[in-house]
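Topology and contacts: notes
For reference, the chains in residue letters:
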Amino acid sequence: MKKNMSSTILSKVEQVKNDSDYLAGKIASQLQNSKSFFEENEIQLLKFHGTYQQFDRDTATELKQKGLEKEFSFMIRTRIPGGILDYNQYIELDSLANQFSNSSLRITTRQTFQFHGVLKKNLKKTISNISKMLITTYGACGDVVRNVTTIAAPIKDIIHEKLRKDAEKISSNFVPKSTSYGQIWINGEKYEYKKKEPLYGKCYLPRKFKIGITIPEDNSVDVLTNDIAIFLIHKNSKVLGYNIAIGGGLGMTHNKPETFPYLAKPVLFCKPDYLENILEEIIKIQRDFGDRTNRKHARLKYLVEEKGTDWFKKKIEKELKTNFDIPKKINNLKVIDHLGWHEQGDGKWYIGIFIPSGRIKDDKNIKIKSGLRDIIKTFKPSVILSTDQNIFLGDIQEKNKDLINKILKKNLIVNEITKINRWFLACPALPTCGLALAEAERVRDSLVNKIDKILLKHNLSDEKISIRITGCPNGCARPYAGDIGIIGRTPNHYALYTGGDFEGSRLNRKIVDKVSYENLVLALEQLFIFFKKNKINKEGFGDFCNRVGTDIQFEKIKEILNDKVQ
Ligand code: SRM
Ligand code: SF4
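Below is a short write-up of the structure. No experiment lies behind these values; they were computed from the predicted model shown. (Residues numbered from 1 in each chain as written. Chains lettered and ligands numbered in written order. Predicted model: local features only at pLDDT ≥ 70, side-chain atom pairs only at ≥ 80, totals over all residues. Heavy atoms only, no water.)

In the contact formed by helix α12 (residues 368–379) and helix α13 (residues 401–410), the axes pass within 9 Å of each other and the chain directions differ by 160°. If you check the angle between α12 and α13, you find them roughly antiparallel. Every pair of crossing elements has a handedness; the one defined by α12 and α13 is right-handed. Here α12 contributes Gly371, Asp374, Ile375 and Phe379 to the contact with α13, which in turn contributes Leu403, Ile404, Ile407 and Leu408. (Axes fitted to C-alpha atoms, helices over the stretch in contact; angles between N-to-C directions. Helix = DSSP H or I, 4+ residues; strand = E, 2+ residues; numbered from the N terminus. Parallel < 35°, antiparallel > 145°, perpendicular 65-115°, else oblique. Left-handed = near helix turned anticlockwise from the far one by under 90°. Contact = heavy atoms within 4.5 Å.)

Here's what the structure looks like:
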């Protein structure tokens with residue numbers, strides 16, 4: 001198959017989508033065979049249905065040496081716009097995790113849940129049971145618009161309500177329309193054969209596509225990392241319109257400078273009525289002009305970088321036959337910490353509960369899963385997942401606050417955490433992620449402890465520093481948008497990035513290409529000492545690193561690690 005415009009060969013995934021009859025492929029028949037895995041083409045299509053075929057990377061090598069099959073299992077990702085669930089949905093998802101997955105539920109950095117470790121024989125049961133709770137997994141992954149993110153704190157005022165409504169509406173507008181999903185996972189034959197995609201077309205988008213919406217006063221959602229970042233602009237509780245920025249995206253490949261993380265660039269301001277049409281136009285532009293020959297160059301950010309935002313603005317204006325204003329000036333973004341108890345605006349309360357790496361599970365001592373279930377079953381709160389992998393419970397009466405605190409305490413779910421722990425994100429990485437080059441979630445807690453000790457030693461524990469670690473450069477825990485990014489490079493080695501800002505409006509830069517896990521903390525200690533001696537007034541760590549530049553930081557680290565750092 002050839003691309004019309006340029007005669008270059010389309011990427012393999014384009015061919016798979018094209019031949020899939022709107023995402024059906026041979027999923028249904030392969031679901032029925034006795035194998036523990038799907039074939040390559042179906043693995044690609046399954047993503048659109050919200051599931052990834054994975055294998056246990058811890059056991060794979062040994063099994064291979066013994067000539068045995070890998071331990072295949074499936075990750076299932078739900079689509080929960082704005083992270084909002086009702087208590088029944090939560091309880092059912094919690095039960096499903098016990099029944100069909102490794103019994104944990106993992107809150108993702110896009111406000112959804114992931115089930116891990118689902119066996120192929122249980123895949124259909126799990127997905128169909130999820131759908132019974134009116135939650136879909138359709139379009140949670142794949143080359144479509146994914147889960148739409150917004151502020152998690154369930155604040156009851158006109159503006160926050162509007163954000164939640166917008167997130168829900170945008171997400172449902174862009175769920176794929178083909179009935180393949182219903183036919184395969186839910187009701188088989190009863191689904192009418194309706195395979196059309198009025199917006200996406202037969203080959204869907206060239207790549208994943210992400211949308212987030214927030215207000216400038218609270219960028220707790222890291223909105224600029226989305227393909228479309230929407231700022232709701234308001235005054236006196238009235239929505240004036242939306243600033244639209246385009247081209248955010250973080251994935252890159254080590255040593256391939258033609259791939260890079262990018263923050264969304266402002267393109268226009270529109271009145272509320274135009275939002276839907278504008279989003280659709282941007283998606284159409286990406287559909288028609290995005291690079292379908294090279295998946296590493298297919299995100300909207302490359303088009304934005306190459307064509308410029310004016311080109312987009314003119315195209316949108318031409319299609320919609322309207323001229324739009326330039327974006328409203330946004331001064332400084334802020335990030336609000338919503339954890340802990342807060343009055344929500346209508347006399348009731350919400351609590352933001354810290355969940356390390358978003359992993360809702362019980363272990364020997366800390367019973368996050370049982371504790372949350374107990375609270376949610378008893379008090380029936382609203383449940384909201386956040387983009388920093390935490391959970392919020394809303395609509396709680398004041399008289400129940402102490403009882404809830406007691407259950408949290410009994411299960412050792414504590415909210416008194418250090419600043420580093422609070423803002424430290426980690427992606428799943430090993431053993432489930434097929435792309436991980438190094439550990440992330442599994443080293444998170446011990447890394448937090450080590451860094452805390454060092455900050456205490458240097459009297460810096462009060463500094464608010466966001467650190468994010470990922471097992472590879474794809475950027476799932478948004479490492480390039482934090483003060484410090486620790487990015488898997490090779491097994492047990494990381495690249496180190498600094499100089500981002502806490503508010504998510506500046507990307508960090510690479511200062512070290514390769515440092516071992518063992519030396520990582522030493523390297524950070526050097527930077528913290530340097531920061532303490534030379535920071536100006538209340539300068540934050542990221543701002544300091546940005547000001548002093550990358551070379552001097554590298555030199556400081558080299559002073560102590562010599563040739564152990566590159
Ligand atoms: Fe991600 C791929 C996990 C948010 C950029 N991401 C993956 C896969 C599915 C690996 C794969 O393709 O085989 C990971 C599954 C691992 C596992 O075992 O669960 C994975 N990504 C995650 C999650 C679960 C990380 C987390 O700690 O929560 C997040 C799920 C979000 C969701 O619910 O939809 C997750 N991924 C992100 C984000 C952050 C965001 O969206 O806010 C990014 C950076 C923003 C962006 O999209 O650029 C991100 N993930 C990627 C990329 C790089 C994309 C690129 O443009 O190059 C990949 C690889 C790919 O697509 O080829 C990837
Ligand atoms: Fe996997 Fe890399 Fe994403 Fe981590 S950042 S989950 S290692 S793809």
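Turning our eyes to something else, we now look at the coordination of the iron atom of ligand 1. You will see that the iron atom of ligand 1 has only one donor from the protein, Cys476 (SG), lying 2.3 Å away. By secondary structure assignment, the location of Cys476 is in the loop between β16 (467–470) and β17 (484–490). (Donors = N, O, S within 2.8 Å, 3.2 Å for Na, K, Ca; no water.)

Here we take up the site of ligand 1. Ligand 1 sits among 29 residues. The nearest are Thr108, Thr112, Leu250, Thr432 and Cys476. One of the side-chain N or O atoms of Thr108 is found 2.6 Å from an oxygen atom in ligand 1. Contacts to ligand 1 include Arg110, whose side-chain N or O atom sits 3.0 Å from an oxygen atom. Those elements that provide at least two residues to the shell around ligand 1 are β1 (51–55), β2 (72–77) and β5 (113–118). Class assignment for the residues of the shell around ligand 1 results in nine nonpolar, twelve polar and eight charged. (Near = heavy atom within 4 Å. Polar contact = N/O pair within 3.5 Å; in protein donor to acceptor, adjacent residues only side chain to side chain. Nonpolar A, V, L, I, M, F, W, Y, C, P; charged D, E, K, R; others polar.)

In this section: the pairing of strand β8 (residues 238–246). The buried fraction of β8 is high, at seven of nine residues. The pairing of strand β7 (residues 228–235) with β8 spans eight bridges and is classified as antiparallel. Within the sheet, the bridge partner assigned to Leu232 lies in β8 and is Tyr242. Counted along the chain from β7 to the antiparallel partner β8, the turn is two residues long, and its residue Asn236 has a positive phi close to 45°. For β8 and strand β9 (residues 265–270), the ladder comprises five bridges, and the chain directions are antiparallel. Within β9, the position partnered with Ile244 by the bridge is Leu268. (Buried < 20%, exposed > 50% of the residue type's maximum accessible area, 1.4 Å probe, protein only. Pairing = 2+ DSSP bridges.)

Any functional reading would require information that these geometric values do not contain.
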